[in-house]
Amino acid sequence: MKIETIAIHAGNRVDAATGAVIEPITLSTTYERGEDGGYPSGYMYTRIANPNRASLENVLSKLEYGVAASAFSSGNAAGGAVFQALLPGSHVLAPTDMYHGLRNLLNVVYKGILEIDYVDMSDLQEVRNSIKKNTKLIWLETPSNPLLKLSDIKAITDIAKEHKVIVCCDNTFATPIFQNPLKLGADLVMHSTTKYLGGHSDTLGGALVTKEKNEFWDRILKVQELAGAVLSPFDCYLTVRGIKTLPYRMRGHLENAKQLTSFLKSNPKVEEVFYPDFGGMLSFLVKGGEAEAAKVANSTKIFTQATSLGGVESLIEHRATIEGPNTKTPRNLLRLSVGLENIEDLIEDINSAIN
Ligand SMILES: *Cc1c(COP(=O)(O)O)cnc(C)c1O
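Residues numbered from 1 in each chain as written. Predicted model: local features only at pLDDT ≥ 70, side-chain atom pairs only at ≥ 80, totals over all residues. Heavy atoms only, no water.

J.: I tried to follow the environment of Ala 160 on my own but got confused; where do I start?
T.: Relative to the helices and strands, Ala 160 resides in helix H6 (residues 153–162). We classify Ala 160 as buried; its relative accessible area is 0%. Remark: the alpha-carbon pair of Ala 160 and Ala 186, spanning 26 residues in sequence, is separated by 9.2 Å. Excluding anything up to four places from it in sequence, Ala 160 contacts Ile 138, Val 165 and Val 167. (Helix = DSSP H or I, 4+ residues; strand = E, 2+ residues; numbered from the N terminus. Buried < 20%, exposed > 50% of the residue type's maximum accessible area, 1.4 Å probe, protein only. Contact = heavy atoms within 4.5 Å.)

Next comes the structure, spelled out in structure tokens:
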């Protein structure tokens, strides 16, 4: 099956009991046992498994060409489960240009538990030289946030394999429509489903998809089951619903982002534009400094000034102020999540805010 068909069908089951074409939301936390003490439905308790979660995990795993998936209560919970599944003392390589929430999770919660080094993942020699005897995980995020830099997933996983290091790639920005890290050699792929997969800025969630069921995947599943950061049935339902239109939404995001990029590149008030030629995210530097950038972010009418991304509505954000005092993000950088409004309206909005 092709991606549009998978997106619509792989997360849904016609309800056997009622014939409902759309799978109902199963809110029950507990399931009836059989006379033999077993669980004839296959379900026991909702922290362990739930039908809506199983459906979401099925579509996620197919979209990313994996063999299994696990849906978490947030993107950070999904990423955190990978860190938690490592043994204390493990060495982790993470990108310098990394989503700040996960970087803070490593720096604050895993400080003293994991050994962490940040490397420029676009420099393969640096990646190779940074691997140590106790390196267990390479964390990738490409395109990166907020500079939208690309790293070579295939080349890095080739290096990792030589040293038996697990590679997990945060694929939130690219989505399975534009990039499939498992096909390029990664072992795990992570998503914040809060963003493009949910697609409507109304449900928080995260996911992991694995290339193979192995010991490390079993550990991740144990972390999820026992630590309990599972996605609720209602959020699973919303995410499945969002995924159905993902391929079509991503075409619209791409088309709008491309046109906005060429508009910005030709604008004399813009210093530099960062766009990786796919996806709906772009960043640009406003000539001047933080004050000039803030003025633009404060003046748009259609772009809402807010963090996050991946919804149908356009967002604009001054990234350095959300990332906190230690950020290396340029003070005159604005990040756009280009939505699905009419592109002429979006260009006009940015144009009048800049001038
Ligand atoms: C938002 C985001 C996360 C964290 O996801 P939450 O759902 O907010 O926990 C991780 N990585 C990237 C690239 C993100 O944009």
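J.: Sorry if this is basic, but what is going on with the sheet that holds strand S1 (residues 68–72) here?
T.: Sheets are built from strands that pair by backbone hydrogen bonding, the pairs being arranged parallel or antiparallel. Taken together, the seven strands give an open sheet; going across it, the order is S1-S7-S6-S5-S4-S2-S3, and neighbouring strands pair in mixed fashion. What marks the edges here is a single partner per strand, and that holds for S1 and strand S3 (115–119). Within this sheet the neighbouring strands show an average axis-to-axis angle of 20°, counted without direction. When S1 meets strand S7 (residues 206–210), the two strands line up antiparallel, connected through five bridges. Bridged to Ser 70 within S7 is Leu 208. Taken strand by strand, H6 contacts strand S4 (135–141) and strand S5 (166–170), and its axis lies near 180° from that of S4. (Pairing = 2+ DSSP bridges. Axes fitted to C-alpha atoms, helices over the stretch in contact; angles between N-to-C directions.)

J.: Can you help me understand unusual backbone geometry in this one?
T.: Excluding glycine, a negative phi dihedral is what most residues carry, and trans is how most peptide bonds are arranged. For the bond from Thr 142 to Pro 143, the omega torsion is 0°, close enough to zero to count as cis. With respect to the helices, strands and loops of the structure, Pro 143 is situated in the loop between S4 and H6. Pro 146 follows Asn 145 through a cis peptide bond whose omega is 10°. With respect to the element layout, Pro 146 can be found in the loop between S4 and H6. For Tyr 65, which is not a glycine, the phi torsion comes out positive at approximately 55°. The phi dihedral of Asp 277 is positive, around 75°, even though this residue is not glycine.

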